[in-house]
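Each chain is listed here by its residues.
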Amino acid sequence: MKGKGWWILIGLAGIAANGESAAQELDSLISPGPLSRAHAGLAGLSNCTSCHAPGKGVTDGKCLSCHSDLEARVVADRGFHRGKIHCVSCHTDHQGGGFELIRWDPDDFDHRETGYALEGLHLRVASCGACHRPPNAPAREKSASFLLDDQRCIACHEDVHRGGLGTSCSDCHSLDLPFRDTRFDHDRARFRLAGSHGKVQCETCHPNQKWKGLRFARCADCHQDPHRPSLGADCQRCHSETSWRKTKLDHGATRFPLLGKHEGLACSRCHTGEGFRGVAFGQCADCHTKDPHFGQFEDDCARCHVVESFDGVSFDHANSGYPLTGRHEAVACSECHRTEAGSLFPDGRATAVRYRPLQTACKSCHLDVHYGQLATNCESCHATDGFHSKNLRFAHDRDSRFSLRGRHAQVLCADCHRSERESFPDGPGVAVRYKPIRDLCSACHENVHDESTWKASKASPATRCESCHTEESFELRQFDHARASLTLTGAHSSLECDRCHDYAVLPQRRYLLFRGESRRDCADCHRSPHLKGLERCVDCHSTTNWVVGVWKRQAPDQGGAP
Amino acid sequence: MALSVLLLLGLTAWGSSYYATPLQERSEHPLNLWLKPSGVVGHLLGIAGTVMMLLIFLYSLRKRSKTLQKIGTQAEWLKVHIFFGIVGPVLVTFHTSGKLNGIVAIAFYSMWAMVLSGAFGRYLYAKIPRTISGNQMTLKEIEGELGGIVNLLRRNESRDDILAGIEAFLARTRKETGGLLPALSRVILEDAVLPSNALRVYRIVSRDRSLSIRERFRVSRLVLRQQRLLNKLAVLDAMKRLFSYWHVFHKPFTVITFAIVFLHVGVVTFLGYGLHWR
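Given the structure is predicted, the values throughout are model-derived calculations rather than measurements.

Student: Help me out: how do you make sense of the overall build of chain A in this one?
Tutor: Scanning chain A from terminus to terminus reveals 15 helices and 8 strands. Expressed as a percentage of the 562 residues in chain A, the buried residues total 16%. Considering only intrachain contacts with a sequence separation of at least 6, the fraction spanning at least 24 residues in chain A is 42%. For chain A, the accessible area works out to roughly 41,700 Å², and carbon and sulfur atoms hold 55% of it.

Take a look at the structure:
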């Protein structure tokens, strides 16, 4: 036992006697572990008390005596280490050379712990080094420092105002907006932005980042006077801050109040020159220099036009040489007043709407659908109420040779006046035939009787239609059978024609044969039941009574049937 | 003892995540301030472990002090010695939290060498027959115990058969050996084959069917005890010599351990970690 104890003492003494390397060996025996790289310079037995205070352990004072930059912050209660106690509770050492004394994850770091919370666009800053860079942090020899001395904006951001606007950047700039989008309240300035001034880009008035010392008492300090000659410095007499165009000028107080369409016009439409004064306005043509009518009217435009619109004319056609009546009233102007291309107008040859001179004859506008059959005076038959028959002025009885009577008065015009493709006075074409037209019945009516009979003889009172028919009806109201050499008496007078007259049957029609076959004897119609010797029927029978009730003999010349 | 085990198990459960964390990552662990060697609990464990290990010397002191020998038996003092000799190093091990650097590491390994050698000594100590007061038993006392077995067996036809079997079993183990290492080997081997020996004896005793199971166990236990006593007698001299040599390597570990522990305590006390935790 004793021997071993001596060996240990001898070993320790040998180590101690072996100089510096021996001291290192001894240090490695005593030390609880190698120091970190940052503190590697403090290795060695003689340096223990650099960090360890005898009897007190590793005190914060020992740490901060070296880390003086932190000490100032801890004392000032600033930065990440403010309020933190006992350095070694986070930064333990003697854990080996590879041990990281500072262990933190930048991606998981809550910047609020530093006392400077990252807000707004600062949250988008990609890397710590964007702000924690050498110019901002205290100089260090070995490692980059995250300690920022200055929390003011200017510590990281360049002052493009060159100090001219002070250091309180947040007065104008927000953390939530890019620097360009300031939130400066111009109302705090002496020049409040009103009207269109509020929409103007800052640079327009503040060129070259000049934010102070600008003159603004007069409009001309910023705006150029476009009036030649100048209308004076008091722009606000006419203009407002809302818009240059919307002036405050009351044109109604001038000699030319703006009415109708004139109200909405830009000033420059009339005030074409640089000046606002001396503009002629007596005649419309002073401004409306281009006459679209090419001199057709010598009167002032206002006779027809109103200021509300050129289209809404006030012209009354009744005051013209051609008052519009009937259907003409509803006709669009352009139907009669047509655009003529290359015509000769008072102001020369041009393309314009023709207003005057204009012919008033119907055919100057309307086509003659009658192809010259009728007189050129359309008004004799037609009125402006309409071309159609119900509006016609024409009276057939009065104005033609053929009076319409009886059933003719009820017949449609087209039944007699038919559409034909013929040669008319004005040429060949399709038109309703009015003239000439025959006034014979056969011109319209078909002869249902045997044509040969009728055609053989010249028209005579006995053969004309009127001899049997009337205009009231085709019924034989007018026919006297006595004229046919056979007076119908007794029971004969009430017989229908076809009891005695046969029908002639042709392919398309049939008709009664009135002529030709003559039935004059009783036997022509009646058959005698008697024996020979009684051929004269009338000896016993009469037309009133066929039954021999009273037989008498009558003379043939006393009437009755032969 | 049970309280110590419970406390240590609780400590293990509580600090398992911390102790499983790599050394360089532990500074981030929430239990670091508690369980690091200089932490609140870690430092207390170190102090408690050191104090317990110092109490180990009470046993050595008793052996040299007549006043203390009047208090309790040597076996009781040995139990206390062993208890502190186990719990103390375990507490110190928790104190180190596995961080072993420099000369303190030597103390740590030396400490466990001391514990293991103590355990080996206790093993040897058990192989030397002693009376209840802890003194070494005489051969006569052992032989007196041997005769008691016969009285336990009934007088029937299987008795002779059983006694013959027991005789044969005991005769097989009653071989004399020489040399320290063969003796140690035999002791260890006998312990290894103890279960098979027990089964063999139980089978011999079970030849008497009239014996209840309880009686069979009782007789078997006596036979086995007798066999082990015979074995102890066979290696008694060798064990005595071995035990006297054992002190030679148990004590140096103790000296080395405590020399470095005193150095360690001195340094940390100087650096301010004495009865404080940082």
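Following the structure, the description resumes.
Student: How should the side chain of His262(A) be read in this particular structure?
Tutor: Within the fold, His262(A) resides in the loop between α7 (202-205) and α8 (267-270). Apart from the residues within four sequence positions on either side, His262(A) is in contact with Phe256(A), His288(A) and Val307(A).

Student: For this particular structure, what's the right way to read helix α11 (residues 194-205) of chain B?
Tutor: Residue and element names in this part refer to chain B. Relative to the 16 Å expected for 12 residues at 1.5 Å per residue, α11 spans 16 Å between its end C-alpha atoms, a close match to the ideal helical length. Buried within α11 we find Asn197, Val201, Ile204 and Val205. One side of α11 holds all its buried residues, which, seen down the axis, span an arc of 95°. Facing away from the buried side of α11 by more than 90 degrees, the exposed set consists of Pro195 and Arg203.

Student: Teacher, can you tell me more about the packing of helix α6 (residues 74-96) of chain B against helix α7 (residues 102-127) of chain B here?
Tutor: Packed helix pairs are specified by the crossing angle of their axes together with the interaxial distance, meaning the distance between the axes. Residue and element names in this part refer to chain B. For the pair α6 and α7, interaxial distance at closest approach is 10 Å and the crossing angle is 155°. Of the possible angle classes, the one that applies to α6 and α7 is roughly antiparallel. Crossing of α6 against α7: the hand is left-handed. Counted together, Leu78, Ile82, Gly85, Pro89, Val90, Val92, Thr93 and Thr96 of α6 and Phe108, Met111, Trp112, Val115, Arg122 and Tyr125 of α7 form the full contact between these two elements. Tallied by class, the residues present in the contact of α6 with α7 amount to 10 nonpolar, 3 polar and 1 charged.

Student: What should I look at first to understand the pattern of salt bridges in this one?
Tutor: Any two side chains of opposite charge can pair, on the condition that their charged atoms come close. All told, the structure shown has 10 salt bridges over all chains when counted by the stated rule. The closest approach of N and O atoms between Arg354(A) and Glu340(A), which form a salt bridge, is 3.0 Å. Note that Arg354(A) is positioned in the loop between β4 (348-353) and α10 (362-365) and Glu340(A) in strand β3 (residues 339-345), a separation of 14 residues in sequence. Salt-bridge contacts for Lys127(B) lead to Asp191(B); the nearest nitrogen and oxygen are separated by 2.6 Å. Of this pair, Lys127(B) sits in helix α7 while Asp191(B) sits in helix α10 (residues 180-192), and the two are 64 residues apart along the sequence. Lys127(B) gets classed as buried once you look at its relative accessible area, which sits at 8%. Here the residues in one salt-bridge network are Arg103(A), Glu25(B) and Glu28(B), joined through shared partners.

Student: I tried to follow the pairing of β3(A) on my own but got confused; where do I start?
Tutor: Sheet faces and side chains relate simply in a regular strand, where the side chains alternate between the two faces. Residue and element names in this part refer to chain A. As paired strands, β3 and β4 are joined by 5 bridges and run antiparallel to one another. Of the residues in β4, the one forming a bridge with threonine 339 is valine 353. If you look at the hairpin formed by β3 and β4, you'll find 2 residues sitting between the two strands.

Conventions adopted
- Residues numbered from 1 in each chain as written.
- Chains lettered and ligands numbered in written order.
- Predicted model: local features only at pLDDT ≥ 70, side-chain atom pairs only at ≥ 80, totals over all residues.
- Heavy atoms only, no water.
- Helix = DSSP H or I, 4+ residues; strand = E, 2+ residues; numbered from the N terminus.
- Buried < 20%, exposed > 50% of the residue type's maximum accessible area, 1.4 Å probe, protein only.
- Contact = heavy atoms within 4.5 Å.
- Areas by Shrake-Rupley, 256 points an atom, 1.4 Å probe, with all protein chains shown as cover.
- Expected span 1.5 Å × (residues − 1).
- Arc of directions from axis to C-beta.
- Axes fitted to C-alpha atoms, helices over the stretch in contact; angles between N-to-C directions.
- Parallel < 35°, antiparallel > 145°, perpendicular 65-115°, else oblique.
- Left-handed = near helix turned anticlockwise from the far one by under 90°.
- Nonpolar A, V, L, I, M, F, W, Y, C, P; charged D, E, K, R; others polar.
- Salt bridge = Lys/Arg side-chain N within 4 Å of Asp/Glu carboxyl O.
- Pairing = 2+ DSSP bridges.

From the geometry alone we can't say anything about function, so treat these as descriptive.
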